[in-house]
Amino acid sequence: MNAREIKVQKQGWVPKKERIWLIIALIIAALIVFWELKGLLQLPLTTLHSRQFEHTFKDFGSIARIALFFVLAYYVLLRVMRLRMLKGQVEVKKWLAILLRFTRKWHTPAAIIAIAFIIVHTVAVFMHGFKFDFNNISGLLSLLVLLPVPISGLFRYQRMDRKWHLRSGVSFAILFIIHSFL
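Starting from 1, residues in each chain are numbered consecutively following that chain's sequence as written. Note on the predicted model: pLDDT of at least 70 is required for a residue's local features to be given, and 80 or more for side-chain atom pairs to be given and counted; whole-chain, interface and lining totals, by contrast, use all residues. The side-chain values count all of the structure's non-hydrogen atoms but skip hydrogen atoms and water molecules.

**Comments concerning helix H8 (residues 164-181)**
- Every helix listed is a DSSP run of H or I at least four residues long, and every strand listed is a run of E at least two residues long, numbered separately from the N terminus. For a helix, the expected span equals 1.5 Å multiplied by the number of residues minus one. For H8, with 18 residues, the first-to-last C-alpha span of 25 Å sits near the 26 Å given by 1.5 Å per residue.
- Buried residues of H8: His165, Ser168, Gly169, Phe172, Ala173, Phe176 and His179, and no others. Seen from one end, H8 has its buried residues packed into an arc of 145°, which puts them on one side.
- Every residue pair with non-hydrogen atoms within 4.5 Å of one another is taken to be in contact. Looking at the buried residues of H8, the elements they touch are helix H4 (51-81), helix H5 (90-128), helix H6 (134-146) and helix H7 (148-157). We call a residue buried when its accessible area falls under 20% of the maximum for its residue type, exposed when it is over 50%, and partly exposed in between, using a 1.4 Å probe and counting protein chains only. Of all possible arcs, the one meant is that of the directions from the helix axis to the C-beta atoms.

**Notes on H7**
- Within H7, burial applies to Val149, Ser152, Gly153 and Tyr157. Buried residues along H7 cover an arc of 155° about the axis, so they all sit on one side.
- Arg159 sits one or two positions beyond H7 and adopts a positive phi of about 60°.

**Details of the packing of aromatic side chains**
- A pair of Phe, Tyr and Trp rings is counted when the ring centres sit within 6.5 Å of each other, with Trp represented by its six-membered ring. The angle between the planes then sorts it: under 30 degrees is stacked, over 60 is edge-to-face, the rest tilted. One pass over the structure, following the stated rule, counts 9 aromatic pairs.
- When the centroid spacing of 6.1 Å and the interplanar angle of 65° are considered together, the rings of Phe53 and Phe57 count as edge-to-face. Highlighted residues: Phe53 and Phe57, both in helix H4, separated by 4 residues, approximately one helical turn. This pair shows no difference in class: Phe53 is buried, exactly as Phe57 is.

**Regarding the nonpolar core**
- The criterion is simple. A nonpolar core is a set of buried Ala, Val, Leu, Ile, Met, Phe, Trp, Tyr and Cys residues joined through side-chain atoms within 4.5 Å. Ranked by internal contacts, the top residues of the largest apolar core, which has 28 residues, are Leu40, Phe53, Leu68, Ile118 and Phe172.
- Every element with two or more residues in this core is listed here: helix H2 (16-41), H4, H5, H7 and H8.
- Broken down by element, this core gets its largest block of residues, 9 residues, from H5.
- In this structure, Leu40 is in contact with Leu48, Phe53, Val120, Ala124 and Met127, ignoring residues within four places of it in sequence.
- Residues Tyr74, Met81, Leu86 and Leu96 belong to the second largest nonpolar core, which totals 6 residues.

**Side note on the packing of H6 against H8**
- Only C-alpha atoms enter the line fits that serve as axes; for helices the fit covers just the stretch in contact. Angles between N-to-C directions range over 0 to 180 degrees. For the pair H6 and H8, the least separation of the axes is 9 Å and the interaxial angle reads 165°. With respect to H8, the element H6 is oriented roughly antiparallel. Here the hand of the crossing between H6 and H8 comes out left-handed. Residue-level contacts link Phe134, Asn135, Ser138, Gly139, Leu141, Ser142, Val145 and Leu146 of H6 to Ser168, Ser171, Phe172, Leu175, Phe176, Ile178 and His179 of H8.
- The residue inventory of the contact of H6 with H8, partitioned by class, reads 8 nonpolar, 7 polar and no charged. Here is the rule for angles: anything less than 35 degrees is roughly parallel, anything more than 145 is roughly antiparallel, 65 through 115 is roughly perpendicular, and the remaining ranges are oblique. In this scheme the handedness of a crossing depends on how the near helix is turned from the far one: anticlockwise by less than a right angle means left-handed, clockwise means right-handed. Each residue gets one of three labels, nonpolar for Ala, Val, Leu, Ile, Met, Phe, Trp, Tyr, Cys and Pro, charged for Asp, Glu, Lys and Arg, and polar for the others, Gly among them.

**Brief notes about the environment of Phe130**
- Mapped onto the elements, Phe130 comes out in the loop between H5 and H6.
- Here Phe130 falls in the partly exposed class, since its relative accessible area comes to 23%.
- Distance from Phe130 to Thr46, taken between C-alpha atoms, is 16 Å for residues 84 residues apart in sequence.
- Residues in contact with Phe130, not counting those within four places in the same chain, are Val125, Asn136, Ile137 and Leu140.

Next comes the structure, spelled out in structure tokens:
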């Protein structure tokens, strides 16, 4: 075994400094899913097919959208930092570096919480009644593309993903934006 493989074995899947925030985010996400699904399952059938319930599941999607824009901000800031236009802009780069560190630290926890809201949103849509229209199909496609993103994110920690996390994340972002805004 070389030194890198030994370090990977000692470290585990997630670096120690990020592990606590990841565990906290997983607990919060599990509580969100459990609490909201429990509430959805107690609703009467007349409420599930009402216009008011439609606003309820759209609210879950809106909360997920806000969290996902924060998650995607990490990649946007990373690209902006590499722009040639900012080559001599030391002060701007300093502030961008601070923002980049902040978004990097909260990228994974925000993504986990966003996935929790996406799960609740999806379940609520199916409870309301799934129709084969553009909005529902684009949402279903973006959900299917989202599935490999967290798995490849785990491989990303070990540098074993061969850029699949970024590729599937960008594919999800495109489909997600189509679903959200069209």
